[in-house]
Amino acid sequence: MEQKKILIITYYWPPAGGPGVQRWLKFAKYLPDFGWKPIIYTPENPSYPLLDETLMKDVPENIEMVRTKIWEPYQLAEKLNKSNKKFKAGQFDVGKNQSWKSKLSIWVRGNFFIPDARVFWVKPSIKFLEKYLKENNIDTVVTSGPPHSLHLIGLGLKNNMPDLKWIADFRDPWTEISYYQHLRLTKSSDKKHRQLESAVFKNADITLATSYTDAENFRKAGANAVCITNGFDESDSGEKAKEQKGESKFTLSYIGVLEQLRNPENLWKALDELIRENTEFAADFILKFVGRIDDKILHSIGNSSLKNHIMNLGYLAHGKAVEEMQHSDMLLITNFPNESSKGIIPGKIFEYLASGKQILSFGPDKADVSKILKETNAGKHFSYQDTEIVKDFILEKFNLWKKGGLLENTRHIDQFSRKNLTRQLTEVLK
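What the six strands build is an open sheet, ordered S10-S9-S8-S11-S12-S13; its pairing is parallel. Every other strand in the sheet has two partners, leaving strand S10 (310-312) and strand S13 (379-382) as the edge strands with one partner each. Each strand axis lies, on average, 20° off the axis of its neighbour in the sheet, ignoring direction. The sheet contact formed by strand S8 (residues 250-255) and strand S11 (residues 330-334) spans three bridges and is parallel. Bridge pairing in S11 places Leu252 opposite Met330. The strands that helix H8 (residues 265-277) touches are S8, strand S9 (285-290), S11 and strand S12 (358-362); relative to S9, the one it contacts most, it runs at about 150°.

Turning next to the pattern of salt bridges. Enumeration over the complete set of coordinates arrives at 22 salt bridges. Two residues, Glu135 and Lys131, come together in a salt bridge whose shortest N-O distance is 4.0 Å. Here the residue Glu135 and the residue Lys131 both occupy positions in helix H4 (residues 122-135), the gap between them amounting to four residues, near one helical turn. On the basis of relative accessibility, which here comes to 54%, the residue Glu135 falls in the exposed class. Between Arg276 and Asp272 there is a salt bridge; the shortest N-O distance is 2.9 Å. You can see Arg276 and its partner Asp272 sitting in helix H8, four residues apart, about one turn around the helix. Salt bridges sharing common partners tie together Lys26, Lys29, Lys57, Asp58 and Asp233.

Criteria and cut-off values
- Residues numbered from 1 in each chain as written.
- Predicted model: local features only at pLDDT ≥ 70, side-chain atom pairs only at ≥ 80, totals over all residues.
- Heavy atoms only, no water.
- Pairing = 2+ DSSP bridges.
- Helix = DSSP H or I, 4+ residues; strand = E, 2+ residues; numbered from the N terminus.
- Axes fitted to C-alpha atoms, helices over the stretch in contact; angles between N-to-C directions.
- Contact = heavy atoms within 4.5 Å.
- Salt bridge = Lys/Arg side-chain N within 4 Å of Asp/Glu carboxyl O.
- Buried < 20%, exposed > 50% of the residue type's maximum accessible area, 1.4 Å probe, protein only.

These results come straight from atomic positions and should not be treated as a statement about function.
Right under this line is the structure:
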């Protein structure tokens, strides 16, 4: 049987690194198993914040790639302020850490580039793809955001080709994302963001969400929304994770990008107190970072009792990062603190689950992450106000580790395998 074609419009694709590339790279890997031929449309000259050449091994052999040039204003932003390099990764300084240059840059970003700085790729892409889709008999298109400007490509194509089946995939929310309130938007800019978001919700045939709460919120906003979470690839982790032993010291690891808006200050306080109060814990504890950690966070915890317990490995290729998960005893995950972010499920939690390690999570109350941790028996979720119960939890796990009884007993995680999630996707595409 001939495979049905699907065009995937994505900004992030190998050699891009970081979480943004994983979702559709893995879907593309497994779609042919279910009768679909993925075709990737991506920029020819993107400005990626992170690179990971090792992800090229997951690109399906002979996959069809379509590329066109994009213009992005990041070089201009970086000339204005070197810290603007964070913009490409969706990060920026907040609160007391904001200089006047940061404030100006954030204002320009939020009000001049709507919805984001990749918006200059929208019109040329619509023009190019309308012709390409007709010439190649493709009637199903996916747009993956952020950057949410890619959804405007889908919106333009849908307006010009009403019979096109368009799936808008939201890896993160648009106006409900925590940093939206920090963009220093004018009333007219805020209105434009919301109008564009609403148009995407109401015109896309299907809106995909990566969390249960986001799907519910999207439906309330007029979208035909379905939740398909992120997941783990058994070829990356799976059972081999359970064969790995931890370090000779009790190791709590954070894997990924940690910015100021998700900084668990109460955790640093709890760890600082444990080190000062418990000599056994102080002798055996390591806090390991793998990824891009905000300099101001590192500076802050470097001035505490944690200073001599930090192992900062920097950004590592994906495979190496997975190995570091497996060589840890506990894994840390953080979310934005406000209630509107309770639906965000960071993608790395699924690889954390596959590792079998206990997970220490921070974020708003009643978060979707908490639901997953309870269902899989994989750890515990805390708010950013908790300190004493965080200390108790860590100390409990440390004492089990000392006795050799820190067991890996996660359950019901097969539902989050990339292959099973791709099966769910193909049911939605019918």
